[in-house]
Amino acid sequence: DLSPSQINGIVSHAHYLKQISLPWLSPQQRGAKVSKLRMPSQSLFSKTIALLFSKRSTRTRLSAETSAVLLGGKALFLGKDDIQLGVNESARDTARVIGGMCQGIFARVGEHSEIEELAQHSPVPVLNALSSLWHPTQVLADLLTLHEHASSFSHLKDNTPNHGLKHLPQLPSLRPLTIAYVGDSANVLHDMLVTYPRLGHTLRVASPDDPKYRPPQPVWDRVLKLGCDTGIWWGPDPREAVRGADVVVTDTWISMGQEAEKEERVKAFQGYQVTEALCREGGANDQWKFLHCLPRKEHEVDDEVCNNLPPFHIHSPRSSQVFYGPRSLVFPESDNRKWTIMAVFDLLFGKWDLSAADSAL
Ligand code: CP
Ligand code: NVA
């Protein structure tokens with residue numbers, strides 16, 4: 001639902017929040033020196049955000065809970081077995097009741113229609129924490145990560161304003177990238193489809209030649225409505241998809257709720273694993289980087305030597321692995337879920353002012 005300038009504004013604001021919050025983190029987590037302490041805005045002071053999650057989550061839940069603390073508020077986790085929703089109470093009544101006590105709802109649902117129903121009846125703002133069709137907060141973290149690693153991509157230009165805080169490192173600008181996605185057409189990819197082309201990046205996607213593994217009609221309708229289709233190449237050949245790629249992205253082949261289809265899916269996606277060989281043969285850029293939203297399974301990306309490495313040995317000279325190799329940005333990407341969700345909470349739940357996202361630029 002966000003305009004390109006609002007997306008950029010949120011990413012820029014997330015970078016700012018990350019920099020000013022770093023002094024509160026351990027030296028190991030910090031990774032950058034910031035001379036002055038600044039408090040993040042306490043925009044959630046005396047506010048409670050309901051985390052209405054009907055599916056598991058590690059990153060999204062942690063991001064929401066920890067960033068609400070930094071913004072001076074509280075995130076209240078309401079799992080599917082904790083409340084009456086779905087068993088004794090409708091989404092409509094639940095939305096009204098939560099909205100009478102909390103100032104925002106961050107909801108992870110099954111079918112996308114469930115979050116539409118919540119939004120229709122909630123008196124307070126509703127944000128999507130993942131649905132069958134979309135995962136909008138993931139692409140914000142991916143964007144922040146790509147900006148932070150802009151120097152990995154050539155032709156870097158660096159002219160992003162830095163809120164006038166001269167001691168803070170600036171968020172580098174990104175040149176137009178070629179971003180390849182190899183695998184299942186699921187929620188994470190769908191937000192990439194409606195985001196990257198509007199920001200000037202090219203998306204190249206490979207998925208099996210079967211309608212089941214292509215975007216559902218409502219997703220494609222949105223792609224067309226936003227004029228993103230001209231920035232997307234789509235085909236069945238993963239080698240063709242990674243041609244010229246600066247970034248290669250994948251997601252699990254078995255999303256939450258699809259566990260019963262595991263055997264069929266693993267068979268359908270043979271040949272779609274992201275490997276060094278695939279990207280070399282397909283002609284990805286030498287410096288290509290790897291993104292994955294996590295959690296990952298063993299199928300979709302090569303991690304063949306991970307079991308032989310200590311857990312934080314991510315700069316292995318063994319070039320065959322991708323997931324734990326030097327190309328992988330998966331853990332910085334995971335860290336950035338927090339700062340981007342914090343930015344969204346600050347601007348939308350805290351200030352409830354999208355123009356603040358524009359002016360964060
Ligand atoms: N990437 C992501 O959404 O992870 P979680 O399911 O752990 O929240
Ligand atoms: N496509 C995955 C994303 C998990 C963050 C799923 O829906 O399970």
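Scope of this entry: the structure provided in the associated data block. Computed from a predicted structure; not experimentally measured.

## Details of the site of ligand 2
Near ligand 2, the surroundings consist of Leu 130, Ala 186, Asn 187, Val 188, Asp 251, Thr 252, Ser 255, Met 256 and Cys 293. Of the residues that constitute the shell around ligand 2, the class distribution is five nonpolar, three polar and one charged.

## Let's talk about the environment of Arg 337
Tracing the chain through its elements places Arg 337 in helix H12 (residues 330-350). If sequence neighbours within four positions are ignored, Arg 337 has contacts with Arg 59, Thr 60, Ser 63 and Ala 141.

## Structural notes on the sheet that holds strand E1 (residues 48-53)
Strands belonging to one sheet form pairs held by backbone hydrogen bonds; the direction of such a pair is parallel or antiparallel. Read across the sheet, four strands follow the order E2-E1-E3-E4 without closing on themselves; strand pairing throughout is parallel. The open sheet has two edge strands with one neighbour each: strand E2 (74-79) and strand E4 (126-130). Pairwise comparison of adjacent strand axes, ignoring direction, gives a mean angle of 20° for this sheet. With five bridges joining them, E1 and strand E3 (residues 104-108) adopt parallel strand pairing. If you follow Leu 52 over to E3, its bridge partner there is Ala 107. In the packing of helix H3 (residues 59-70) onto the sheet, the strands contacted are E1, E2, E3 and E4, and the crossing angle to E2 comes to about 150°.

## Re the packing of helix H1 (residues 4-21) against H12
Packing of H1 against H12 leaves a shortest axis separation of 8 Å and a crossing angle of 110°. Considering the angle they form, H1 stands roughly perpendicular to H12. Residues Ile 10, Val 11, His 13, Ala 14, Leu 17 and Lys 18 of H1 pack against Trp 339, Thr 340, Met 342, Ala 343, Val 344, Asp 346 and Leu 347 of H12. In terms of residue class, the contact of H1 with H12 is made up of nine nonpolar, two polar and two charged.

## Section: the packing of helix H7 (residues 187-195) against helix H8 (residues 217-225)
Direction vectors running N to C along H7 and H8 enclose 15°, while the axes themselves pass 9 Å from each other. Regarding the angle of H7 to H8, the classification is roughly parallel. By crossing handedness, the relation of H7 to H8 is classed as right-handed. Along its contact with H7, which presents His 190, Leu 193 and Val 194, the element H8 presents Val 219, Arg 222 and Val 223. Of the residues assigned to the contact of H7 with H8, the class counts are four nonpolar, one polar and one charged.

Conventions and cut-offs
Sequence positions are assigned chain by chain, starting from 1 and proceeding in written order. Lettering of chains starts at A and numbering of ligands starts at 1, both following the order in which they are written. Under the rules for a predicted model, residues below a pLDDT of 70 receive no local features and side-chain atom pairs below 80 are neither given nor counted, while totals for whole chains, interfaces and linings still include all residues. We count a residue as near a molecule or strand when its backbone-placed C-beta atom lies within 6 Å of that partner. Polarity classes work like this: nonpolar for Ala, Val, Leu, Ile, Met, Phe, Trp, Tyr, Cys and Pro, charged for Asp, Glu, Lys and Arg, and polar for all others, with Gly in that last group. Each helix corresponds to a stretch of at least 4 residues labelled H or I by DSSP, and each strand to a stretch of at least 2 residues labelled E; elements are numbered beginning at the N terminus. We call two residues in contact whenever the C-beta atoms placed from their backbones are within 7 Å. Two strands are said to pair when DSSP picks up at least two bridges between them. Each axis is a line fitted through C-alpha atoms, taken for helices only over the stretch in contact, and angles between the N-to-C directions span 0 to 180 degrees. Note on angle classes: values under 35 degrees are labelled roughly parallel, values over 145 roughly antiparallel, values of 65 to 115 roughly perpendicular, and the remainder oblique. Each crossing is labelled by how the near helix is turned from the far one, with a counterclockwise turn of less than a right angle marking it left-handed and a clockwise turn marking it right-handed.

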